[in-house]
Amino acid sequence: QVQLVESGGGLVQAGGSLRLSCAASGRTSSAYAVGWFRQAPGKEREFVATINWSGSSTDYAPSVKGRFTISRDNAKNMVYLQMNSLKPEDTAVYYCAARYTRLSVTILTYDYWGQGTQVTVSP
């Protein structure tokens, strides 16, 4: 199993930046892909970004492509989501999730989830 803890959320003005972190522990020696998802009030959880074990492959939701960057440091068991040019519609609880195979954009394919971190973007 992998345990995940997100951090780095907060309140930022539109146009600003935040970097979210996802710390992994547990069975981190096995290759695992990580995804970032978000859920706004009254909406379903949606895919944001994903990265494979080596970091050589990533994928993004169209709404964040060009503004968000996912990366990882396996030596530190950390995955990051750099968010630039934030918009009010990016306001949500952000979750990281892990799966022991290749990267995926599908929520249901992820086995392990963090507790989430709130991101609020003011106009």
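Values in this document were obtained by computation on a predicted structure and should not be read as measured data.

1. What to know about the overall build of the chain
Assigned secondary structure in the chain consists of zero helices and 11 strands. Computed over its C-alpha atoms, the radius of gyration of the chain comes to 13 Å, within 12% of the 14 Å expected for a compact globule of 123 residues. Seen through its principal axes, the chain has C-alpha atoms that stretch 40 × 25 × 25 Å. Expressed as a percentage of its 123 residues, the buried residues of the chain come to 46%. Taking the intrachain contacts of the chain between residues at least 6 apart in sequence as the baseline, contacts between residues at least 24 apart amount to 59%. Carbon together with sulfur atoms contributes 49% to the accessible area of the chain, which is approximately 6,100 Å² in total. Averaged over its 12 positive side-chain charges, the chain has a centre that lies 4 Å from the centre of its 8 negative ones.

2. Focus: unusual backbone geometry
One non-glycine residue, Asn-77, lies in positive phi territory at about 55 degrees. Phi at Ser-85 takes a positive value of approximately 50 degrees, unusual for a residue other than glycine. Residue position: Ser-85 is located in the loop between strand E8 (78-83) and strand E9 (92-99).

3. A short note on the pairing of strand E7 (residues 68-73)
Covered by surrounding structure in E7 are Phe-68, Ile-70 and Arg-72 only, the residues Thr-69, Ser-71 and Asp-73 on the alternate face being uncovered. Direction of pairing for E7 relative to E8: antiparallel, over a ladder of six bridges. In the strand pairing of E8, Phe-68 is matched with Met-83. With antiparallel pairing between neighbouring strands as the criterion, E7 and E8 make up a hairpin whose turn holds four residues, including Asn-77 at a positive phi of roughly 55 degrees.

4. Considering the sheet that holds strand E1 (residues 2-7)
In spatial order, the strands read E1-E3-E8-E7; together these four strands make up an open sheet with antiparallel pairing. Where the open sheet ends on each side, the last strands, each with one partner, are E1 and E7. Each adjacent strand pair in this sheet contributes to an overall mean axis angle of 20 degrees, direction not counted. Pairing of strand E3 (residues 18-26) with E8, which is carried by six bridges, proceeds in the antiparallel orientation. Note that in E8 the partner of Arg-19 across the bridge is Gln-82.

5. Thoughts on the state of the cysteines
In this structure the tally under the stated criterion is one disulfide. There is a disulfide in this structure between Cys-22 and Cys-96, and the S-S distance comes to 2.1 Å. On the sign convention where negative is left-handed, the bridge of Cys-22 and Cys-96, at about 70 degrees about the S-S bond, is right-handed. With Cys-22 in strand E3 and Cys-96 in strand E9, this residue pair connects regions lying 74 residues apart in the sequence.

Criteria and thresholds
Residues numbered from 1 in each chain as written. Predicted model: local features only at pLDDT ≥ 70, side-chain atom pairs only at ≥ 80, totals over all residues. Heavy atoms only, no water. Helix = DSSP H or I, 4+ residues; strand = E, 2+ residues; numbered from the N terminus. Rg over C-alpha atoms; globule rule 2.2 N^0.38 Å. Buried < 20%, exposed > 50% of the residue type's maximum accessible area, 1.4 Å probe, protein only. Contact = heavy atoms within 4.5 Å. Areas by Shrake-Rupley, 256 points an atom, 1.4 Å probe, with all protein chains shown as cover. Lys, Arg positive; Asp, Glu negative; His and termini not counted. Charge placed at Lys NZ, Arg CZ, Asp CG, Glu CD. Pairing = 2+ DSSP bridges. Axes fitted to C-alpha atoms, helices over the stretch in contact; angles between N-to-C directions. Disulfide = S-S within 2.5 Å.

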